[in-house]
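# Analysis of the macromolecular model
Okay, here's what each chain looks like letter by letter:
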Amino acid sequence: MILALLDKLHGRPVWIRWGLFAAGLLVALGLPWSLYPPVATDILCWGLFAVAFDLLLGHAGLLSFGHAAFWGSSAYVTGLIALHSGLPFYVAVLGGAGAAALLALPIGFLAVRRSGIYFAMVTLAFAQMVYFIANQWGDVTGGENGLQGIPRDLPGFDLSDSFVFYYAALPVVLLGLAAAWRIAHSPFGRVIAAVRDNPARARALGYPADRYKLVVFTVSAFLSGLAGGLYAVNHGFASLQEVYWTTSGKVVVMTVLGGMGTLWGSLLGAGAIVRLEDWLSTSGFEETGLVTGGVFIVVVLLFRRGVWGTLAHALRPRSGSSTPDPEPHLEHDHGDASQPVSP
Amino acid sequence: MRQPRAILVTQGLSKEFQGFRAVSAVDLSVAEGTVHALVGPNGAGKTTLFNLLTGFLKPTAGRITFDGHDITGQPPERIAGLGVARSFQVTSLFEQMTAREHVELALQSGTGLGRRFWRTDTLMRRFSGRALELLGDVGLAHLADRPAGHLPYGQKRALELALALALDPALLLLDEPTAGMGLEDIDRTVALVDQIREGRTVVMVEHNMSVVGSLADTVTVLQRGEVLVEGPYDRVKTDPRVVEAYLGADVA
């Protein structure tokens, strides 16, 4: 939530930006006081995951349906490093994120050649392979039981209290969010947006579209890996759930709920879903998917810009030559096929 | 007079779409520093030829050489990097970007700044001055901060031209630069092309014969994917085969 509000407010009065920035920071610092601390840390993890996902979906126009592969593989690798090395958990999480990025290279290399639904299907297929491997390779991953007893090591600190652990995890998440914001508003980010909107034109201008997509895919996987690794340390275990397709689906729901392309909206989406699921499960309601799915349908039908996008649109200053916020859009089918080819 | 060097050469260039030969054994030689027009009826293969030259389509057979480099089957970004810029027949822009951001993006290409994901995009302002100059050249300076999606048609075409120019290409490929323009815009475009041809080679697909007549040094007439006639405009326009195939009423 930090740096948060800088984004959508680009071009708005500086005091509003800093005011929202300060408010986001206060919320982030106060979260474990108002929530059960492990749930607060879950919100951090899912929030970073959703922001990393939005970097790919909203900014690069690529709908991955296999991001559980990165979140989950990092959860396992982080767990293995923490279990076997005794290194500080920061190192373990970094190692997990690095593994996720490495995994993203071959998957991305093959997936970015496709767009739209084909991209989603390729990423889903690879994620299912990762799930299969995690399930079969029981000696390493613990199979059905998962990796248990992942420690929260940090020399000089006792992180066994989840309240304390929240504040140990927060800087990692803030750095991840800052990185996502930086990338979205870099010269690279501009090229990515151009590739999203019109890849043929971007290529004619000399930008290798597929390579740009691969880089953003890998960066998104790395940040998702940071989130997944922290999540595993937070819970002390990594399970098959982390690489299951429903995890891929959940991050899509969070991002769309918050408002795709808004980056910070994803934090709201993640917070809302985690809170909702926690509340439902503590009230003894088993079918959480029924409720989150319902919320998702309502948002897609009525608020296509998501929570953040709808708010930003409503509060947008109307003076001057403001232009309407574009409706969020997925990548259309393009690439070479969109070229006017009149035989 | 010294024979100018051929900067773009195709040999036996062909493209087949599921048995249909859109471009058939085209041998084209474009002399450096000239304006070379490709004309022909709809479906003659002009745009397909353009897409082959710029790497958006891979040829079924034949070779393309640009400035001594074999560019056959190379990807579009590589060909653009060698100094070949194109405009698109159907306006192809980034709807949400302003005109100035378009040109900045084009100017940034080749500088390597586009790979810097850790820097701020305000660095791109270094291209603003040059971008505004180029927009001024095509008559868009006053609309620099308008999103491209909100520009009228003629001005989108002008922005296409500014984008191609921003790459400062040795070879400029213009696909129907005056398509759908009013007379005034056509005149301005002709004057502009006449001005920017200085120091570069221009290949243009064009239907408007008065535009071809006032700009082109050489005209290649295509019909059903094959070269029908090639030569200076004055000779080509009176060639009986051309009159029959295409110009017909225009010349009569």
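Calculation notes
Residues numbered from 1 in each chain as written. Chains lettered and ligands numbered in written order. Predicted model: local features only at pLDDT ≥ 70, side-chain atom pairs only at ≥ 80, totals over all residues. Helix = DSSP H or I, 4+ residues; strand = E, 2+ residues; numbered from the N terminus. Rg over C-alpha atoms; globule rule 2.2 N^0.38 Å. Buried ≥ 20, exposed ≤ 12 C-beta atoms within 10 Å, placed from the backbone. Contact = placed C-beta atoms within 7 Å. Pairing = 2+ DSSP bridges. Nonpolar A, V, L, I, M, F, W, Y, C, P; charged D, E, K, R; others polar. Axes fitted to C-alpha atoms, helices over the stretch in contact; angles between N-to-C directions. Expected span 1.5 Å × (residues − 1). Parallel < 35°, antiparallel > 145°, perpendicular 65-115°, else oblique. pLDDT = per-residue confidence, 0-100.

Helix and strand counts for chain B stand at nine helices and 10 strands. Its C-alpha atoms give chain B a radius of gyration of 18 Å, near enough to 18 Å, the size a compact globule of 252 residues would have. The C-alpha extent of chain B, read off along each of the three principal axes, is 60 × 45 × 40 Å. Counting all 252 residues of chain B, 46% fall into the buried class. The contacts of chain B with a sequence gap of at least 6 include a subset with a gap of at least 24, amounting to 66%.

The next subject is the overall build of chain A. Counting its regular elements, chain A contains 14 helices and two strands. Buried positions account for 54% of the 343 residues belonging to chain A. Pairs at least 24 residues apart make up 76% of the contacts formed inside chain A by residues separated by at least 6 positions.

Let us now look at the sheet that holds strand β1 (residues 6-17) of chain B. Residue and element names in this part refer to chain B. Taken in spatial order, the four strands of this open sheet run β2-β1-β4-β5, and their pairing is antiparallel. Edge positions in the sheet fall to β2 (20-31) and β5 (69-70), since each of these pairs with one other strand and no more. Relative to strand β4 (residues 61-66), β1 is paired through five bridges, and the arrangement is antiparallel. Bridging from a neighbouring strand, L8 pairs with F66 of β4.

On to unusual backbone geometry. All names here are of chain B. Unusually for a residue other than glycine, D67 sits at a positive phi of about 50°. The topology assignment puts D67 in the loop between β4 and β5. Taking the C-beta count within 10 Å as the criterion, D67 has 17 such neighbours and is therefore assigned partly exposed. Its identity as a non-glycine residue notwithstanding, R224 has a phi of 45°, on the positive side. Here R224 shows up in the loop between β9 (218-223) and β10 (226-231). Exposure remark for R224: the 15 C-beta atoms within 10 Å place this residue in the partly exposed category.

Across the boundary between the two partners, chain A contributes 28 residues, which contact 44 residues of chain B. At the level of elements, α7 (162-184), α8 (187-197) and α9 (199-204) of chain A are the ones that each hand at least two residues to the side of chain A that touches chain B. At seven residues, α8(A) tops the list of elements feeding residues into the side of chain A that touches chain B. Looking at the side of chain A that touches chain B residue by residue, the classes come out as 14 nonpolar, eight polar and six charged.

Turning our eyes to something else, we now look at the sheet that holds β10(B). All names here are of chain B. A sheet is described by the order of its strands in space; here six strands give the open sequence β6-β7-β8-β3-β9-β10, paired in mixed fashion. Looking at which strands have only one partner, the edges of the open sheet turn out to be β6 (84-86) and β10. Adjacent strand axes in the sheet meet at a mean angle of 15°, parallel and antiparallel pairs treated alike. Sheet topology places strand β3 (residues 35-39) next to β9; four bridges connect them, and they run parallel. Within the sheet, the bridge partner assigned to V39 lies in β9 and is V221. Contacting β3, β6, β7 (171-175), β8 (201-205) and β9, helix α1 (residues 46-53) crosses the sheet at an angle of about 150° to β7.

We now examine helix α10 (residues 209-235) of chain A. Look at α10(A): 39 Å from first C-alpha to last across 27 residues, which is about the 39 Å you get at 1.5 Å a residue. Most of α10(A) sits inside the fold, with 24 of its 27 residues counted as buried.

Tracing the backbone shows B:E104 in helix α3 (residues 99-108). Setting aside residues no more than four positions away along its own chain, B:E104 makes contact with B:M124, B:F127, B:S128 and B:A131.

The subject of this paragraph is the packing of α7(A) against α10(A). Residue and element names in this part refer to chain A. Close contact between α7 and α10 brings their axes to 11 Å; oriented N to C, the two are set at 170°. Here α7 lies roughly antiparallel to α10, going by the angle between them. From α7, F165, A169, V172, G176, A179, A180 and I183 reach across to α10, where they touch V219, L223, L226, L230 and N234. Broken down by class, the residue content of the contact of α7 with α10 amounts to 10 nonpolar, two polar and no charged.

Right, let's get into the confidence of the model for chain B. Of the residues in chain B, 96% reach a pLDDT of 70 or more, and the chain-wide mean stands at 87. Across the interface, the model reports ipTM at 0.87; the global pTM reads 0.87.

Residues and elements named next belong to chain B. Pairing of β1 with β2, which is carried by eight bridges, proceeds in the antiparallel orientation. Bridging from a neighbouring strand, T10 pairs with L28 of β2. With antiparallel pairing between neighbouring strands as the criterion, β1 and β2 make up a hairpin whose turn holds two residues, including Q18 at a positive phi of roughly 40°.

Across a regular strand the side chains alternate sides, sitting on one face of the sheet and then on the other. All names here are of chain B. With respect to burial, β3 is a largely interior element, five of its five residues being buried. Because side chains alternate across β3, one face comprises the buried residues V35, A37 and V39, and the other comprises H36 and L38, equally buried. In this sheet, β8 lies alongside β3 in parallel orientation, the contact comprising four bridges. Within β8, the position partnered with V35 by the bridge is V202.

Further remarks concern helix α11 (residues 245-258) of chain A. All names here are of chain A. For α11, spanning 14 residues, the distance from its first C-alpha to its last is 20 Å, which sits close to the expected 20 Å at 1.5 Å a residue. In terms of burial, α11 is a largely internal element, 11 of the 14 residues being buried. For α11, the complete set of buried residues consists of T247, S248, K250, V251, V252, V253, M254, T255, V256, L257 and G258. Looking at the packing, one finds that the buried side of α11 touches α2 (37-59), α3 (68-85), α5 (116-136), α12 (265-282), α13 (288-302) and α14 (306-315).

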